[in-house]
Amino acid sequence: MDYNESFKIGYITKTRGLKGEVQLFFEFNDPELLDLDLIFIEINRQLVPFFVSSYKLQSNNTGYFFLEDIDHIDKAQELLRKSVFLPNSKMPEREEGEFLIEDLKGFNVFDSNYGELGIILEINEYPQQFVASVSYKSQEVLFPLSDDFIEEIDEERKELHINLPDGLLDIYLNQS
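Criteria and cut-off values
Residues numbered from 1 in each chain as written. Predicted model: local features only at pLDDT ≥ 70, side-chain atom pairs only at ≥ 80, totals over all residues. Heavy atoms only, no water. Salt bridge = Lys/Arg side-chain N within 4 Å of Asp/Glu carboxyl O. Buried < 20%, exposed > 50% of the residue type's maximum accessible area, 1.4 Å probe, protein only. Helix = DSSP H or I, 4+ residues; strand = E, 2+ residues; numbered from the N terminus. Pairing = 2+ DSSP bridges. Axes fitted to C-alpha atoms, helices over the stretch in contact; angles between N-to-C directions. Contact = heavy atoms within 4.5 Å. Phe/Tyr/Trp six-rings, centres within 6.5 Å; stacked < 30°, edge-to-face > 60°. Lys NZ or Arg CZ within 6 Å of the ring centre and 35° of its normal. Core = buried A, V, L, I, M, F, W, Y, C linked by side-chain atoms within 4.5 Å.

## A word on the pattern of salt bridges
Evaluation of the coordinates by the stated rule reveals six salt bridges. Put simply, lysine 75 and aspartate 71 hold a salt bridge, and the shortest N to O gap is 3.2 Å. Judged by its relative accessible area of 37%, lysine 75 is partly exposed. With a shortest N-O distance of 3.5 Å, glutamate 122 and lysine 105 are connected by a salt bridge. Of the two residues, glutamate 122 sits in strand 8 (residues 115–125) while lysine 105 sits in the loop between strand 6 (83–87) and strand 7 (108–111), which places them 17 residues apart along the sequence. You can call glutamate 122 partly exposed: its relative accessible area is 35%.

In structure tokens form, the structure reads like this:
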């Protein structure tokens, strides 16, 4: 399996105990919707399949996993900080018309004062908000995806129209 046939669900953060149990941090919003019998872990730029012996999901977007053939802490430590993927065929079905904030990735951003800012390259989730990243005038610019700033989302044209607070872009553009 290669990357365009899969989607990232998270990464391995730590080991637990001596019997090879690992903790997976989910970047995927609803881990309870995932089929986790078989996962793929990125090792040396390859997606390597691992059968899941057992797992227990936690409320803080993590889960504890026992993987077949990983039966000792030494084997488990080799998986630390590795990304975890599932095949696209295991992507949970969405309800028709359901739109998630992560769907804005790839949208072209237009600010009411500055005009076109660029394509959203990444969306990161922080405790209080989602933050978008665009490359504007060769600078990475971050801005919150807040209802206070969003004026319109045009799904058909893949455009996000915003009105950023005065001075926000200046912080990025005035760096020397």
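Still more to cover.
## Some thoughts on the sheet that holds strand 7
Taken in spatial order, the six strands line up as 10-9-8-7-12-11 in an open sheet, and their pairing is mixed. Each end of this open sheet is capped by a strand with a single partner; those strands are strand 10 (139–144) and strand 11 (150–154). Adjacent strand axes in the sheet meet at a mean angle of 35°, parallel and antiparallel pairs treated alike. Sheet analysis places strand 9 (residues 130–136) next to strand 10, joined by six bridges and oriented antiparallel. From the neighbouring strand, valine 134 faces strand 10, where its bridge partner is valine 141.

## Concerning the sheet that holds strand 2 (residues 21–26)
Reading around the circumference, 1-2-5-4-3-6 is the order of the six strands in this closed barrel, with antiparallel pairing throughout. Taken pair by pair, the neighbouring strands of this sheet meet at an average axis angle of 50°, ignoring direction.

## Some points on the environment of phenylalanine 65
Relative to the elements of secondary structure, phenylalanine 65 occurs in strand 5 (residues 62–67). Here phenylalanine 65 falls in the buried class, since its relative accessible area comes to 1%. C-alpha of phenylalanine 65 to C-alpha of arginine 16: the two residues are 49 residues apart in sequence and 9.4 Å apart in space. Beyond its immediate chain neighbours, meaning those up to four positions away, phenylalanine 65 contacts Gly20, Glu21, Val22, Leu24, Phe26, Leu36, Val52, Ser54 and Tyr55.

## Details of the packing of aromatic side chains
Following the criterion strictly, the structure yields five aromatic pairs and no others. Ring centres 6.3 Å apart and planes at 55° place the aromatic pair phenylalanine 26 and phenylalanine 65 in the tilted group. Placement of the pair is phenylalanine 26 in strand 2 and phenylalanine 65 in strand 5, with a sequence separation of 39 residues. A relative accessible area of 1% places phenylalanine 26 in the buried class. Taking the centre distance of 5.2 Å and the plane angle of 15° together, the rings of tyrosine 55 and phenylalanine 65 count as stacked. With tyrosine 55 in strand 4 (residues 46–57) and phenylalanine 65 in strand 5, the pair connects residues that are 10 residues apart, well separated along the chain. Each member of the aromatic cluster is reached from another via a ring pair, and the members are Phe26, Tyr55 and Phe65. Here arginine 16 stacks its cationic end above the ring of tyrosine 64, 3.8 Å away from the centre of that ring.

## Focus: the nonpolar core
Counting residues in each nonpolar core, the largest one holds 21 residues, and the members touching the most others are Ile9, Leu34, Leu36, Ile39, Ile41, Phe65 and Leu67. The set of elements that each furnish at least two residues to this core consists of strand 1 (6–16), strand 2, strand 3 (38–43), strand 4, strand 5 and strand 6. For leucine 67, the contacting residues outside a window of four places in its chain are Val22, Ile39, Ile41, Phe50, Phe51, Val52, Ser53 and Leu79. Within the second largest apolar cluster, 20 residues are counted, among which are Leu117, Ile120, Ile150 and Leu164.

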